[in-house]
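# Coordinate inspection notes
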Amino acid sequence: MAHAAKRLIVYYLTSTKKMIELKNIERYYPTGSQKTYVLRYVNAHIAEGEFVSIMGPSGSGKSTLLHILGMLDEPTDGEFWFLGEAVHKFNERRRTEMYREYIGFVFQAYHLIDDLTVYENLETPLLYKKVPSAERKNRIADLLDRFNMVAKKGLVPKSTFRRPATTRRRSKGFNWSPETDFGR
Ligand SMILES: Nc1ncnc2c1ncn2[C@@H]1O[C@H](COP(=O)(O)OP(=O)(O)OP(=O)(O)O)[C@@H](O)[C@H]1O
Ligand SMILES: [Mg+2]
């Protein structure tokens, strides 16, 4: 009984592990001698495994916030903690390392390389991550299978089909097995 209770507590702690913490995030653009704030007083906690939507009218700063969360951009002020690490204090090199390790983006626009085949497009992020060859082959085979694209793997994006564009983007975005997936 005592053992069961212990396991329950461990599960509770694991399932509410804090992944993202934002403290007074600000992002402004200088306009002449003034500052135009796109984000201000943004505070949030996001736990591991949480599924979060960011909603707001056009121009309200959704993409700006996603770029900060995805470590592609920096806040002009405030704190961004990711898995207990102070991202706001990182230099660009460290931020890129974290990005490669943990972040996945599912882009709204095309972010495929036209000259590469579907297979090569899937392989590119894994090459950047220095995933060994055998593991790359396995992961790509799994993805192609999961998205019913085995027969299309040798085709270049332009010559492939229209409808599965989203599927191709998805499989590319999810390819890194990242901790955090951002759709935009
Ligand atoms: N480089 C920049 N310089 C000045 N203002 C900018 C710059 N980039 C974005 N903005 C402004 O920041 C505001 C927020 O833009 P953002 O793209 O984050 O909005 P959004 O909520 O994603 O909008 P949408 O729903 O249209 O995608 C907009 O008013 C935009 O004009
Ligand atoms: Mg946007």
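Everything discussed here concerns the structure shown above.
So, a few notes on the structure that sits alongside this text. Since the model is a prediction, treat every value here as computed from it, not as a measurement.

For F80, the position within the fold is in strand β3 (residues 77-82). The exposure class assigned to F80 is buried, which follows from the 21 C-beta atoms found within 10 Å. Ignoring sequence-local partners within four residues, the contact set of F80 consists of L22, I25, I68, P75, V87 and H88.

As a matter of local geometry, ligand 1 sits amid Y29, V38, G56, S58, G59, S60, G61, K62, S63 and T64. For the shell around ligand 1, the class distribution of residues is two nonpolar, seven polar and one charged.

Running from N to C, helix α4 (residues 118-128) and helix α5 (residues 133-146) point in directions that differ by 130°, and their axes come no closer than 10 Å. In terms of orientation, α4 lies oblique with respect to α5. For α4 against α5, the interelement crossing comes out right-handed. On α5, the residues that touch Y119, L122, E123 and L126 of α4 are R136, R139, I140 and L143. A per-class count over the contact of α4 with α5 returns five nonpolar, no polar and three charged.

This part covers α5. Taking 1.5 Å per residue, 14 residues should reach 20 Å; α5 reaches 20 Å between its end C-alpha atoms and fits that length. A positive backbone phi angle near 55° is found at N148, which sits one or two residues after α5.

Attention now goes to the nonpolar core. A general tendency of soluble globular proteins is for nonpolar side chains to be buried together. L22, I25, L39, L65, I68, L69, M71, F80, F82 and V87 together form the largest nonpolar core, which totals 10 residues. Contributions of two or more residues to this core are made by β1 (18-31), α2 (62-69) and β3. Examining the composition of this core, we find that three residues originate from one element, α2, more than from any other. Setting aside anything within four residues of it in sequence, one finds L65 in contact with L39, V42 and I54.

About the thresholds
Residues numbered from 1 in each chain as written. Chains lettered and ligands numbered in written order. Predicted model: local features only at pLDDT ≥ 70, side-chain atom pairs only at ≥ 80, totals over all residues. Helix = DSSP H or I, 4+ residues; strand = E, 2+ residues; numbered from the N terminus. Buried ≥ 20, exposed ≤ 12 C-beta atoms within 10 Å, placed from the backbone. Contact = placed C-beta atoms within 7 Å. Near = placed C-beta within 6 Å. Nonpolar A, V, L, I, M, F, W, Y, C, P; charged D, E, K, R; others polar. Axes fitted to C-alpha atoms, helices over the stretch in contact; angles between N-to-C directions. Parallel < 35°, antiparallel > 145°, perpendicular 65-115°, else oblique. Left-handed = near helix turned anticlockwise from the far one by under 90°. Expected span 1.5 Å × (residues − 1). Core = buried A, V, L, I, M, F, W, Y, C linked by C-beta atoms within 7 Å.

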